[in-house]
Amino acid sequence: MISINIYRYNPETDQFPYMQTFEFEKPKRDIMVLELLNQLKTKDPTISYRRSCREGVCGSDGMNINGKNGLACITPLSSVIKKNKLDLRPLPGLPVVRDLVVDMTEFYAQYEKIKPFLQNDTPVDIGERLQSPEDRDKLDGLYECILCACCSTSCPSFWWNPDKFVGPAALLQAYRFIADSRDTKTAERLQSLSDPFSVYRCHGIMNCVSVCPKGLNPNEAIGEIKSMLLSNKNKKNIITSDKVG
Amino acid sequence: MVFVDIVCHLDVLPMIGSTLFFAQRFSAVFLLAYVIWLITFFIFNQPFEFSTWVQFTNQQKFLIFTSAVALIIPLHAFIGLWTIGTDYFTQRTLGFLNNRLSQYAGLIRGAYTFLFTIWGFLIVFFILFIIWS
């Protein structure tokens, strides 16, 4: 038997959150944590969690599994279970809506802030904006992010200042467009990140790299943004009018 | 009162991330160079005697470098402490401890910033006073 402790909180009935323990017969074959949750839900239909694609593409079922953020659908039970115990908690740092479901408004607000779309005011010549294979290669390791929020919610800087620090997920996407040869708003993008919080609150803790279920490296992208902000070439373009508030 | 107001609201003044980044790194490198300089002095002046130390500390370059260090330490410390204050003394972070306490987050952060700024000025004053008096 394995003990599964699940964070439970229903704001309509509970004054405080609590951990509920379920005893579960150890499966004969290795299953994913999401499958385990699905089986538990048949016993207790009130357990709430997000899930959709169940194959690590949609990023819905990000949660804290035995102390480490990850996607329940691609995390094998055997890789996380310790001494026949498993703790499942919501992603840390975000308000809990119910049980393992968190309110991701702050996370998406930061994503919106970096303008995650191609910006180019020049007219298109032949119906599409072309890019050399070398320039396209620069986007590898950046575009694959599925916005599961595992990285941002494992970052202490994001816990303390989710309204000011952009967070690793959104910064990875910011660099995805800064690095894109077709985007012409690099100076504006860098200027919007030049205050002491947006990028510089990253202290290189590397939790984001350690938990990313897609194996991406937001810390490297943040390092690239910092280098561009600090280089003389870009500094001339960054008007020092940003205010911190 | 203007000084108090500025110190207590430093987190809303226009502050440029790269300036702070460079200030913190360059000050750290300067402090490291100073420490290495002192250690080198101790290593190459063995057996160490009081007269050697007096001679060393009376040099013009020692007085200038140490005065610079006296100014740079508070600058370096200020950036670090300001970062800590804006991380941990916010409405959100204090709210993890106590909801009522979080209502006074601005006041607590202001008092904290004011105190360590005054402390920094005192350190500068005393070091310069000791060196040059």
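Computed from a prediction, not measured in an experiment: that's the story for all the values here.

Conventions used here
- Residues numbered from 1 in each chain as written.
- Chains lettered and ligands numbered in written order.
- Predicted model: local features only at pLDDT ≥ 70, side-chain atom pairs only at ≥ 80, totals over all residues.
- Heavy atoms only, no water.
- Domains from an automatic or database assignment.
- Contact = heavy atoms within 4.5 Å.
- Buried area = accessible area lost by both parts, 1.4 Å probe.
- Salt bridge = Lys/Arg side-chain N within 4 Å of Asp/Glu carboxyl O.
- Polar contact = N/O pair within 3.5 Å; in protein donor to acceptor, adjacent residues only side chain to side chain.
- Helix = DSSP H or I, 4+ residues; strand = E, 2+ residues; numbered from the N terminus.
- Pairing = 2+ DSSP bridges.
- Expected span 1.5 Å × (residues − 1).
- Buried < 20%, exposed > 50% of the residue type's maximum accessible area, 1.4 Å probe, protein only.

## Some points on the domain arrangement of chain A
All names here are of chain A. Domain annotation for chain A reports domain 1 (2-102) and domain 2 (105-235). On a C-alpha basis, the centroid separation for the pair domain 1 and domain 2 is 29 Å. In this assembly, 15 residues from domain 1 lie in contact with 13 residues from domain 2. For the pair domain 1 and domain 2, the two sides together bury roughly 1100 Å², of which 64% comes from carbon and sulfur. Counting across the domain 1 and domain 2 interface gives zero salt bridges. Taken together, domain 1 and domain 2 are joined by four residue pairs in polar contact (both at pLDDT 80 or more). A per-element tally of the side of domain 1 that touches domain 2 places strand 4 (residues 68-71) first, with four residues.

## Brief notes about the pairing of strand 4 of chain A
Pairing between strand 3 (residues 62-65) of chain A and strand 4 of chain A: four bridges, direction antiparallel. If you follow A:Asn64 over to strand 4 of chain A, its bridge partner there is A:Asn69.

## Overview of helix 9 (residues 218-230) of chain A
With 13 residues, helix 9 of chain A extends 18 Å from end C-alpha to end C-alpha; this agrees with the ideal 18 Å at 1.5 Å per step. Looking only at helix 9 of chain A, the buried set comprises A:Pro218, A:Asn219, A:Ala221, A:Ile222, A:Ile225, A:Lys226, A:Leu229 and A:Leu230.

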